[in-house]
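Chain by chain, the residues:
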Amino acid sequence: MEDLFTVLCYFTVPAILTLSWIKYRGIEYVTIHYRWVFVCLFLLPISVMYDGFMYLRNRVVFHLSSAPKQHDERVKSVQRQVREWNTSGRKNRMCTARPGWATMSFRQGLYKSTMTNIEVNLIDILEVDTEIQIVRVEPLATMGQVTACLNPLGWTLPILPELDDLTVGGLIMGVGIETSSHIHGLVQHCCLSYELVTADGSVVTCSKDENPDLFYAVPWSHGTLGFLVSAEMCIVPAKKYVRLEYTPMTTQHDLVQALNDTEINAKSQFVEALVYSRSTSVLMRGTMTDEVENSKINSIGHYWKPWFFKHVESYLKTGPGVEYIPLRHYYHRHTRSIFWMLGDIIPFGNNPLFRLLFGWMVPPKVSLLKLTMGETVKRMYEKYQMIQDMLVPMKDLGQSLDYFDEHLNMYPLWLCPFKLFNQPGLVHPRTGRDEMFVDIGAYGTPKNKDFSTVPSTRSLEDFVIKTNGFQMLYADSYLSMAQFRTMFDHSLYDKMRKELNCEKAFPEIYDKVNRRARN
C-alpha cells in the first residue's frame, strides 16, 4: 500500500501544483506562453497510452483474423444509417461522424454540426495477399498500422506517406504523397479498387475495369460521392534498409537542376529535399537495400536521436554523406517532430537531455493538440502561422521558390517531386501527358514583415493557379468557387454526382474545404 501511495503521489502532486499554477497565471496567458507545460504533462502521456492501446488492439484483431469477419457487419451498419436517412426525409446532407479534431488537418469542419453524421467505424487491415501483391484496408487504417503490418512480412506500399496517423481514407479522398512519388505518383495511383456506400445505401465497387468513371472520380473528392469503406492497394517487396545519400546544395540553381535530372532521380527509389534558406538546401536520394555498412547504420527513429530535419541540416556543415536507415524509421522520419512544427510547441524538444528523458513520449497526437486548442491558440496560429502544401509543375520550381522566399520568407521548406499521371479526375496535368510536379510544403511562421494570413494566402493561391498547380485541401483555402473550379477539373466529378444522385445526399467538395466551412 505504501508503494501504491508513493506512485500516486508521484503523479498527482505535480499535476495539482501545475493546475494551481495555471489557475494563478491565467489560462490564456499560460496557453500562449507555456503551452508546452500542458503538452508535456498531459498530452504526451495520454498519447503514449492511446498508441499502446491501439498497437495491442491491432495485433489482436489482425492475428485473430476477426477484422475481415467484422468488416461486412460494419459496412451493413453504414448502409443501414444511409437508408434510414433516405426514409426519414433527407432533411440534411450526410457526412461522416468522425469528429473534426480527430483528423490531421489543423481545422475542424463546421459543416458537421449542420449535417447528418454517419458512423463509419472502419479502422482495420483486412487482407494481405503476397501472391497477387495487394493489401485490402479500411479507410481509417493509419500509415503506422500499415508499416507495422507489412514491413515484417517483407512488403510495403509503393507510396507510404511519412506521418504515422495519416489514414488511408484521408490519403485517397484527399491526397497522399511520399518520396517515392517521382516514380509511382500519388497514393491514388497505387489503388486498384474502392468499395463505397452510395447515397441510396448500395455498396459499389469500382476499379479501372469496373465502374471506371467512379474509380477516377473518387480521389480528392472528400467523401462527396459516397462513403469509402475499403480500398485495395498494390504492394511491393521491401528491404530492411534505405541507403540514403545526402547532397548539400549552396545555390538554388543547383537544387532545381538536380531535381529536374529525371535520369539520375529515376535510379533512386526515394527523392526529397529540405530547403533551409534562399541558397542552402540538402537533397536526399535513397534506395532500399539489405546490404549495409554497419558503421553507417543510423536508426533515426529512436527517441534519443536528433530530430530528422536537424540531422539533415548538419550536412550543410559536414558535406555529402551516406547512411543506412531501417525502412520503417525512414518512412516515419518526420513523425517525431511533425516535420519541424513541434519546435513551436516544445521549444526545447530537440535538446539532447529532453530527448533522452522524455523523447519516448514524443510526438503528442495531432488530434489531441487540436482537441485542446482553445480560441486563443487558434487566433495565434491564424495570425502568425501558415500550413500549406502547394503542388506546382517541376518546370516552375525555380520561380515558385523565389515566390515563397519573397512573399513568405519561411524555412525549412519540404520539396517532394512526384509524377502526375494523365488520368481522368479532379487532378491531372493540363498538358495532356504525364508530367513531373513538386510538392512545396510550408509549415511554420513566415518572417516576411508584410505577411498577413488572408491576403498572403490568397496571393499564393493566385500564383499556384497561374502555374496550373494545385493546393492540398487539408489546409486553409480562400479560393472562390470560380477559382476552385479553375484549379480542379470537375467534369467527371459533376457527371458522377448526377449519376449517383449526390446533390441532396452530400455537399460539394468546395462546401467542405473552403475556409468558411472550417473554424
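Residues numbered from 1 in each chain as written. Predicted model: local features only at pLDDT ≥ 70, side-chain atom pairs only at ≥ 80, totals over all residues. Heavy atoms only, no water.

For this particular structure, what's the right way to read the overall build of the protein?
Along the backbone of the protein there are 22 helices and 17 strands. Burial status across the protein gives 55% buried among its 519 residues. Carbon and sulfur atoms provide 56% of the accessible area of the protein, an area that totals close to 23200 Å². (Helix = DSSP H or I, 4+ residues; strand = E, 2+ residues; numbered from the N terminus. Buried < 20%, exposed > 50% of the residue type's maximum accessible area, 1.4 Å probe, protein only. Areas by Shrake-Rupley, 256 points an atom, 1.4 Å probe, with all protein chains shown as cover.)

Is there a simple way to explain helix H5 (residues 143-150) in this structure?
With seven of eight residues buried, H5 is to be regarded as a mostly interior element. Of all the residues in H5, the buried ones are Met143, Gly144, Gln145, Val146, Thr147, Cys149 and Leu150.

Before we go on, may I ask you to explain the sheet that holds strand E8 (residues 227-234) in this structure?
The pairing of strands in a sheet comes from backbone hydrogen bonds and takes either a parallel or an antiparallel form. Strand order in the open sheet made by the five strands is E3-E4-E8-E6-E7, with antiparallel pairing throughout. The sheet terminates laterally at strand E3 (125-129) and strand E7 (203-207), the two strands that pair on one side only. For this sheet, the mean angle separating the axes of adjacent strands, direction not counted, is 15 degrees. With four bridges connecting them, strand E4 (residues 134-137) and E8 associate as antiparallel partners. (Pairing = 2+ DSSP bridges. Axes fitted to C-alpha atoms, helices over the stretch in contact; angles between N-to-C directions.)

What exactly am I supposed to notice about the side chain of Ser400 here?
Looking at the element boundaries, Ser400 is found in helix H18 (residues 397-407). Relative accessible area serves as the criterion here: at 0%, Ser400 is assigned to the buried category. For Ser400, the residues in contact, after removing those within four places along its chain, are Val392, Ile440 and Phe463. (Contact = heavy atoms within 4.5 Å.)

Would you mind showing me how to read the packing of H18 against helix H19 (residues 453-466) here?
The description of two helices packed together rests on the angle between their axes and the distance between the axes. Between H18 and H19, the least distance of the axes is 12 Å, while the angle of their chain directions is 170 degrees. Relative to H19, the element H18 is oriented roughly antiparallel. Contacts between H18 and H19 involve Gln399, Ser400, Tyr403 and Phe404 on the former and, on the latter, Ser456, Ser459, Leu460 and Phe463. Of the residues in the contact of H18 with H19, the class split is four nonpolar, four polar and no charged. (Parallel < 35°, antiparallel > 145°, perpendicular 65-115°, else oblique. Nonpolar A, V, L, I, M, F, W, Y, C, P; charged D, E, K, R; others polar.)

Mind showing me how you'd approach the pairing of E4 here?
Consecutive residues of a regular strand have side chains that alternate between opposite faces of the sheet. Taken together, the four bridges between E3 and E4 define a ladder with antiparallel strand orientation. Counterpart to Glu127 in the pairing with E4 is Arg136. Connecting E3 to the antiparallel partner E4 that follows it, the hairpin turn spans four residues, and Gln133 within it adopts a positive phi of roughly 60 degrees.

Would you mind showing me how to read the sheet that holds strand E10 (residues 241-249) here?
As summarised here, the arrangement of the eight strands in space is E13-E10-E12-E11-E15-E16-E14-E17, forming an open sheet in which the pairing is antiparallel. Every other strand in the sheet has two partners, leaving strand E13 (321-326) and strand E17 (470-471) as the edge strands with one partner each. As judged from the eight bridges shared by strand E14 (residues 386-393) and strand E16 (residues 435-444), these two strands associate in the antiparallel manner. In the strand pairing of E16, Pro393 is matched with Phe437. The strands touched by helix H9 (residues 252-259) are E10, strand E11 (270-275), strand E12 (281-289) and strand E15 (413-420); relative to E12, the strand with the most contacts, the crossing angle is about 25 degrees. Contacting E14, E15 and E16, H18 runs over the sheet at an angle of about 15 degrees to E16.

Explain the packing of H9 against H18 here, please?
Packing of H9 against H18 brings their axes to within 10 Å, and their N-to-C directions diverge by 140 degrees. What the angle tells us is that H9 and H18 run oblique. Pair H9 / H18 crosses with right-handed handedness. In this structure, H9 uses Gln252, Leu255, Val256 and Leu259 to contact H18, whose residues at the interface are Leu397, Gly398, Leu401 and Asp402. (Left-handed = near helix turned anticlockwise from the far one by under 90°.)

Would you explain the nonpolar core in this entry?
One broad rule of soluble globular proteins: the nonpolar side chains tend to lie buried together. Tyr194 and Leu415 are the most contacted members of the largest nonpolar core, which totals 144 residues. For this core, the leading source of residues is E15, giving six residues. When residues no more than four places from it in sequence are discounted, the contact partners of Tyr194 are Ile172, Gln188, Val204, Thr205, Cys206, Phe215, Val218, Pro219, Leu228, Ser230 and Ala231. (Core = buried A, V, L, I, M, F, W, Y, C linked by side-chain atoms within 4.5 Å.)

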